[in-house]
Amino acid sequence: MIEYEGYRAVVTYDDDAGIFHGEVVDTRDVITFQGTSVRELRQAFRESVDEYLKVCAERGRTPDKPFSGNVALRLPPSVHRAATAAARSRDQSLNAWLTETISRAARTS
């Protein structure tokens, strides 16, 4: 994962073409870039993000920002109750328990 101006991107390598492909992952807009070396890839990433921000400014559009960290979550009442009980049993807030639980799950996927 690489980062620039708060935007993060994932990178894959196409061995047949001999090229790195990257895509910004934490926006709804599509921002892609590519390069034949790590140096070229990083430069293309910065240029793509800069160009995206420039185009948004020219069009009077607010750029899609990386995720805020706020998630609206709807749960069945029974799951909400069970999660609250699990958090309390660990002397944590529901938010802290959910953050820890989701972080652990995200690292293993």
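A brief structural summary. Counting starts from 1 at the beginning of each chain's written sequence and moves along it residue by residue. This being a predicted model, a pLDDT of at least 70 is required before a residue's local features are given, and a value of 80 or more before pairs of side-chain atoms are given or counted; all residues contribute to the totals for chains, interfaces and linings. The side-chain values count all of the structure's non-hydrogen atoms but skip hydrogen atoms and water molecules.

Side note on the pattern of salt bridges
Consideration 1: What makes a salt bridge here is a side-chain nitrogen of Lys or Arg within 4 Å of a carboxyl oxygen of Asp or Glu, nothing more. Here the structure, examined in full by the defined rule, presents 5 salt bridges.
Consideration 2: A salt bridge links Asp-26 to Arg-8; its shortest N-O distance comes to 3.5 Å. With Asp-26 in the loop between strand S3 (19-24) and strand S4 (32-35) and Arg-8 in strand S2 (residues 7-14), this pair connects stretches of sequence that are 18 residues apart.
Consideration 3: Whether a residue is buried, partly exposed or exposed follows from its accessible area with a 1.4 Å probe, protein chains only, as a fraction of its type maximum: under 20%, in between, or over 50%, in that order. Overall, Arg-8 belongs to the partly exposed group, its relative accessible area being 34%.
Consideration 4: Across the pair Arg-61 and Asp-29 runs a salt bridge whose closest N-O atoms are separated by 2.9 Å. Of the two residues, Arg-61 is situated in the loop between helix H1 (38-58) and helix H2 (77-89) and Asp-29 in the loop between S3 and S4; the sequence distance between them amounts to 32 residues.
Consideration 5: By sharing partners, the salt bridges in this structure join Arg-90, Glu-100 and Arg-104 into a single network. For the purposes of this entry, the term helix denotes a DSSP run of H or I that reaches at least four residues, the term strand denotes a run of E that reaches at least two, and both are numbered from the N terminus.

Overview of the sheet that holds S2
Consideration 1: The sheet built from 4 strands is open, its strands ordered S1-S2-S3-S4 with antiparallel pairing. Strands at the two margins of the open sheet, each flanked by one partner only, are strand S1 (2-4) and S4. This sheet shows a mean twist of 30 degrees between the axes of neighbouring strands, independent of strand direction.
Consideration 2: By this definition, two strands are paired if DSSP reports at least two bridges between them. Of the strand pairs in this sheet, S3 and S4 are connected by 4 bridges, and their pairing is antiparallel. Of the residues in S4, the one forming a bridge with Phe-20 is Gly-35.
Consideration 3: Only heavy atoms enter the contact rule, under which two residues are in contact if any of them lie within 4.5 Å. In this analysis an axis means a line fitted to C-alpha atoms, helices contributing only their contacting stretch, and an angle means the value between N-to-C directions, from 0 to 180 degrees. The strands that H1 touches are S1, S2, S3 and S4; relative to S4, the one it contacts most, it runs at about 155 degrees.

Section: the packing of aromatic side chains
Consideration 1: Each Phe, Tyr or Trp ring, with Trp reduced to its six-membered ring, pairs with another whose centre is within 6.5 Å; inter-plane angles below 30 degrees give stacked pairs, above 60 give edge-to-face pairs, and intermediate values give tilted ones. Taken as a whole and judged by the stated rule, the model has 4 aromatic pairs.
Consideration 2: Seen in terms of ring centroids, Tyr-13 and Phe-20 are 4.8 Å apart; in terms of plane orientation they differ by 55 degrees. Their pairing is tilted.
Consideration 3: Put simply, the rings of Tyr-4, Phe-33 and Phe-45 pair up and form one aromatic cluster.

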